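# Structural overview
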Amino acid sequence: MDMTTCLKSLLLAIQQYRDGRTANATQLQRQVEELSGLRCGQLLSSGQPLPSECVSGLVELVGNPNTSLTLTSSIISLLAQLACDDDSREILHSSYNLTSTLSSVIHCHSATPGEPLVLQCLQVLQKLTYNTRIFQSTHYIHELIAFLVTNIQSHNDDIVMPCLGLMANLCRDNHSVQSHIKSLDNVKPFYRTLINFLAHNSLTVVVFTLSILASLTLNEKVGEKLFDAKNIHQTFQLVFNIIVNGDGTLTRKYSVDLLVDLLKNPKIADYLTRYQHFSACVSQVLGLLQSKDPDSAAKVLELLLAMCSVSGLRSLLCEVVFKPAGPKLRAGGRRQGPGPGPGPDVGRRAEPGLALVQWLSSPVEGAESCSLQALQLLNELLEEALGAEGVSDCVLSFIEMLLPVVLGLLKGLDPAQGDAHIRKHCHRITHVTSLLLILCAEDSTRSAASRQVSAQLCLSQVEALLSCCHTCAPPGSDSDLSQVCSEALLKTLELMSKLRQQVKDMETSFYRMLQDQRIVTPLSLALTSHHRERVQIGLSLLFEASPLPDFPSLVLGESIAANNAYRQREAELSVKRVAVHEVPPPSILDSSSGSSRNVHGLVEKIQNGFELQEHAKDSHVSDIIDVYEQKISAFASKENRLQDLLEAKALALSQADRLIAQNRFQRAQAEAEACKLGCLLKEAERRREELQGELSSQVLEVERSRADMEELLQHNARLQQDSEEHQALKGAYNTLLNRFNEGERLLKELQAAHVSLTRQMDCLRKTHEALQLQHDKMASVLEEREEEVTSLRSDLQQKDSDIAGLRRELLAEGEKVRDKDRERRDLEETVDVLRKELNKTEQARKDASIKASSLELQKSQLETKLKQKEDELNKHSAMISMIHSLSSGKMKSDVNLSL
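Calculation criteria
- Residues numbered from 1 in each chain as written.
- Predicted model: local features only at pLDDT ≥ 70, side-chain atom pairs only at ≥ 80, totals over all residues.
- Heavy atoms only, no water.
- Helix = DSSP H or I, 4+ residues; strand = E, 2+ residues; numbered from the N terminus.
- Buried < 20%, exposed > 50% of the residue type's maximum accessible area, 1.4 Å probe, protein only.
- Contact = heavy atoms within 4.5 Å.
- Areas by Shrake-Rupley, 256 points an atom, 1.4 Å probe, with all protein chains shown as cover.
- pLDDT = per-residue confidence, 0-100.
- Polar contact = N/O pair within 3.5 Å; in protein donor to acceptor, adjacent residues only side chain to side chain.
- Expected span 1.5 Å × (residues − 1).
- Axes fitted to C-alpha atoms, helices over the stretch in contact; angles between N-to-C directions.
- Parallel < 35°, antiparallel > 145°, perpendicular 65-115°, else oblique.
- Nonpolar A, V, L, I, M, F, W, Y, C, P; charged D, E, K, R; others polar.
- Salt bridge = Lys/Arg side-chain N within 4 Å of Asp/Glu carboxyl O.
- Left-handed = near helix turned anticlockwise from the far one by under 90°.
- Phe/Tyr/Trp six-rings, centres within 6.5 Å; stacked < 30°, edge-to-face > 60°.
- Lys NZ or Arg CZ within 6 Å of the ring centre and 35° of its normal.
- Disulfide = S-S within 2.5 Å.

Assigned secondary structure in the protein chain consists of 32 helices and 0 strands. Going through the 899 residues of the protein chain one by one, you find that 36% of them count as buried. If you take every contact in the protein chain between residues at least 6 apart in sequence, the share linking residues at least 24 apart comes to 73%. Summed over its atoms, the accessible surface of the protein chain is roughly 54,300 Å², and 55% of this surface lies on carbon and sulfur atoms.

Structure representation (structure tokens):
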């Protein structure tokens with residue numbers, strides 16, 4: 001039996017059980033068990049009406065105290081099977097109020113807490129309330145808390161454990177429930193009982209107890225004693241041992257939640273940074289990632305992300321993740337000592353970072369959240385590692401191993417698979433590009449990323465994301481699919497901007513994408529967002545794109561204005577809604593908001609205003625005329641706005657023509673590829689014909705066996721058809737009987753209504769005669785008002801003619817202004833040319849002055865040398881003259897002697 005038929009049968013059985021409970025309890029029990037045997041995990045998330053009606057009926061039967069215990073237990077088992085994921089649990093809690101219903105069942109059977117039904121309700125409630133905020137105003141929540149407090153102090157181990165788990169869920173991050181428990185009279189014995197449970201031999205009981213005590217007493221004196229500096233290291237060792245060697249996924253889940261809650265306290269977080277066995281414990285926690293359990297991996301990654309929020313722990317996590325891990329903790333050493341002991345895998349060493357990389361692209365079903373958590377953790381750790389003074393070799397080798405896996409996550413975006421697939425893939429692209437941007441912050445890691453990232457990969461991602469953004473509707477909130485796609489697209493463009501100098505053809509692809517018409521939508525969403533990071537990315541991309549020749553800046557401006565107008569309109573509508581709820585409705589001014597677009601509509605509103613003038617004395621004709629004048633001015637402003645929009649649309653149309661030309665070129669390429677695919681298809685068709693002959697012989701054998709099965713199925717179908725006809729006739733009989741009874745009741749009501757309406761008709765006839773007289777009076781007044789409207793219309797036509805003349809003058813002045821602008825631009829060009837020549841002349845003058853100064857220096861040096869030479873020349877001249885004088889005296893004496 002398929003799911004739809006089973007649901008219809010179940011709904012019919014529920015209705016029959018309501019009519020006659022005991023007679024149809026067995027049939028309803030059978031239908032519930034049949035549905036439990038089918039795979040109905042995602043039944044509530046489908047949003048179909050048939051499952052909703054069935055679940056509503058089942059929850060109603062569970063809350064009915066007259067329902068048998070066996071049937072109630074079967075229904076609760078089915079509901080627990082439906083609550084298989086977080087979305088289904090939230091739907092059961094919020095839409096069907098299952099928490100209150102199960103609490104009422106527990107309250108009804110509180111006198112016998114050991115019943116299997118009570119234990120079943122406690123287990124389902126523990127499943128429903130995990131990570132769910134329960135308000136104190138929920139029905140039967142106080143009775144449930146009193147039941148839990150009473151039974152936790154009992155000595156029945158079978159009921160203590162589910163009560164502790166449910167109490168831990170109710171107390172976690174819930175101040176109202178915590179305050180209610182603290183205000184109870186028996187809270188001190190309750191605390192003593194919880195403290196005694198810390199020595200219990202079950203790890204699950206210890207974890208539940210620690211979680212409750214942390215929620216109730218962490219900021220009180222009792223909590224300061226429990227979690228002080230002396231005991232906190234033993235608590236850390238206990239929690240880490242439970243996480244590594246726990247009794248199962250449930251215990252590990254609550255242990256991680258306990259440690260995450262303790263890390264929110266700054267004092268305890270500081271104690272953990274100084275815990276001497278932290279590295280060894282984290283190494284063994286990372287060893288849990290090597291298993292194939294996505295639930296355990298998700299909780300481990302959640303714990304590591306919470307540790308990354310503590311600045312002192314991030315550096316320690318980097319040392320552990322990027323280096324080989326230490327030995328595992330002792331299997332049975334919960335309280336044997338503060339440090340981890342040798343376990344069975346002492347000699348085994350593994351790379352913790354490798355387990356993180358494996359969860360990035362894990363094929364395990366349900367591991368999508370683990371992949372995103374692993375990406376977030378790697379972002380945190382790599383940001384810490386690259387922020388140090390120097391990047392170690394182990395980090396570089398890890399990045400070389402990580403990059404191919406991370407780049408493989410960028411592939412697989414298929415818009416045809418639906419919005420859920422697009423949203424998930426866009427979140428993944430955002431985290432991957434964030435990680436790559438972190439790697440681009442350092443030179444060594446940027447070179448490693450540039451060797452792996454190609455321009456074609458980024459270009460294909462941007463093209464796919466642009467198509468997704470183009471098909472998405474304008475966003476109404478930040479969680480909309482359009483916002484998610486836009487964020488992924490902008491992150492990818494930012495990555496292309498970082499790598500455009502290192503990767504071949506990346507710069508060309510980057511600038512080509514910035515000039516794409518479709519970039520307007522994500523860019524406008526980023527610039528008008530209230531997230532600081534998105535606005536900064538949008539501004540950086542706008543700074544790069546604005547100088548480009550084909551960047552659609554006008555269309556971007558229109559898109560930003562449209563987004564701002566949308567938000568302003570939403571704000572005004574919200575204010576108007578509040579005003580409508582707070583202020584009583586006025587008589588005529590509010591009714592004018594829906595005024596028609598012609599004079600007759602205005603006249604009708606004036607007439608209605610005079611009709612209601614006796615009831616609303618504060619509504620005068622002058623006020624009405626003011627309203628209409630405001631409407632006329634608003635229409636004029638709207639006309640100007642439409643004119644601006646028309647010009648923007650004309651510009652967009654020209655850009656669309658360019659896109660059409662590009663599309664034609666791409667279509668020609670696609671046709672060539674189609675021809676190639678056609679040849680391949682012919683070859684595949686020939687192969688198919690060969691296989692068809694082999695298949696036909698096998699089909700004959702299948703047909704023979706099918707004929708034998710058909711005979712058996714026909715007999716079974718006839719029996720089933722007779723049963724269904726019997727059930728359908730019985731249901732039709734009950735329906736007709738109900739319709740007959742309802743028809744008799746409606747007949748009596750209609751007869752009484754007929755008498756009252758006859759009396760009202762007489763009263764209305766008299767009122768009509770009085771209103772007819774009043775109508776005649778108002779008709780005369782209306783004629784006078786029509787004459788006034790005619791005169792106003794003539795004045796309006798005169799004003800239109802004046803406005804037309806002024807527009808012509810304005811156009812003439814505009815032409816003069818454009819001429820002046822052209823002259824101004826010519827002069828500016830001339831000034832620019834003269835300024836360039838002046839700069840050249842100034843540079844030549846500077847060069848000449850430098851040369852003159854050098855020549856002056858040479859001149860001064862030559863003058864000093866010249867003076868020295870002149871002095872030497874004077875000396876030589878004196879010597880020569882002396883020699884000449886001496887030589888001339890000797891010659892005279894010789895002459896005298898000879899004579």
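Bringing the confidence of the model for the protein chain into the picture now. Overall, the predicted model of the protein chain reaches an average pLDDT of 80, with 84% of residues at or above 70. Counting contacts from residues 325-350, a segment whose pLDDT is below 50, to residues more than four positions away or on other chains yields 55 contacts. Contacts from residues 609-619, a stretch scored under 50 in pLDDT, to residues over four places away or in other chains number 11 contacts.

Below, the discussion takes up the side chain of Asn169. Its place among the elements puts Asn169 in helix H9 (residues 157-171). By relative accessible area, which is 7% here, Asn169 ends up buried. At a separation of 2.8 Å, a polar atom in the side chain of Asn169 contacts the side chain of Tyr254. With residues near it in sequence (within four places) discarded, Asn169 still touches Gln126, Thr129, Tyr130 and Tyr254.

Our focus in this paragraph is helix H21 (residues 368-386). The end-to-end C-alpha distance of H21 is 27 Å, a good match for the 27 Å that 19 residues give at a rise of 1.5 Å each. Among the residues of H21, Cys370, Ser371, Gln373, Ala374, Leu375, Leu377, Leu378, Asn379, Leu381, Leu382, Ala385 and Leu386 are the ones counted as buried.

Across residues other than glycine, the phi torsion is negative in most instances, and most of the peptide bonds are trans. Phi at Tyr140 is positive, roughly 65 degrees, even though this residue is not glycine. Mapped onto the fold, Tyr140 is located in the loop between helix H7 (116-128) and helix H8 (141-152). Unusually for a residue other than glycine, Asp173 sits at a positive phi of about 55 degrees. Structurally, Asp173 can be placed in the loop between H9 and helix H10 (175-182). Relative accessible area serves as the criterion here: at 38%, Asp173 is assigned to the partly exposed category.

The next thing to look at is the packing of helix H19 (residues 311-321) against H21. Running from amino to carboxyl end, H19 crosses H21 at an angle of 100 degrees, the nearest separation of the two axes being 9 Å. By the angle class used here, H19 and H21 are roughly perpendicular. Across the interface between the two elements, Arg314, Ser315, Leu317, Cys318 and Val321 from H19 touch Glu380, Leu381, Glu383, Glu384 and Ala385 from H21. Its residues placed into classes, the contact of H19 with H21 shows 5 nonpolar, 1 polar and 4 charged.

Once that is clear, we can look at the pattern of salt bridges. Under the defined criterion, the tally for this structure stands at 31 salt bridges. Arg745 is the salt-bridge partner of Glu749, the closest N and O atoms lying 2.6 Å from each other. Pair noted here: Glu749 and Arg745 are both in helix H32 (residues 621-898), with a separation of 4 residues, about one helical turn. Residue classification places Arg745 among the partly exposed positions, given a relative accessible area of 39%. Several salt bridges share partner residues, and in doing so they unite Arg172, Asp173, Asp257, Asp261, Lys264, Lys299 and Glu302 into one network.

Interhelical geometry of helix H12 (residues 203-217) versus helix H14 (residues 232-245) gives an angle of 130 degrees and a closest axis separation of 11 Å. The orientation of H12 with respect to H14, classified from their angle, is oblique. The crossing of H12 and H14 is left-handed. Seen from H12, the contacting residues are Leu203, Val206, Val207 and Leu210; seen from H14, they are Leu238, Ile242 and Asn245.

Further remarks concern the packing of aromatic side chains. Applying the stated criterion across every chain, the model contains 6 aromatic pairs. Feature note: the residues Tyr130, Phe208 and Tyr254 constitute an aromatic cluster, connected by ring pairs. The side chain of Lys253 reaches across the aromatic face of Tyr130, ending 5.0 Å from its centre.

A few words now on H19. Looking only at H19, the buried set comprises Leu313, Arg314, Leu316, Leu317, Cys318, Val320 and Val321. In this fold, the buried residues of H19 make contact with helix H15 (249-263), helix H16 (266-273), helix H17 (278-287), helix H18 (294-308), helix H20 (352-360) and H21.

Take the side chain of Ser559 next. Its location among the elements puts Ser559 in helix H30 (residues 553-582). Once residues lying within four places of it in the same chain are set aside, the contact partners of Ser559 are Val520 and Ser524.

Our focus in this paragraph is the environment of Ser546. By the element assignment, Ser546 lies in the loop between helix H29 (532-545) and H30. Overall, the relative accessible area of 45% leaves Ser546 in the partly exposed class.

Within the structure shown, the criterion is met by 0 disulfides. Looking at Cys54, it has no disulfide partner, and the nearest cysteine sulfur is the one in Cys6, 8.5 Å off. Judged by its relative accessible area of 2%, Cys54 is buried. For Cys308, which is in no disulfide, the shortest distance to another cysteine sulfur is to Cys318 and amounts to 7.3 Å. Given a relative accessible area of 5%, Cys308 falls into the buried group.

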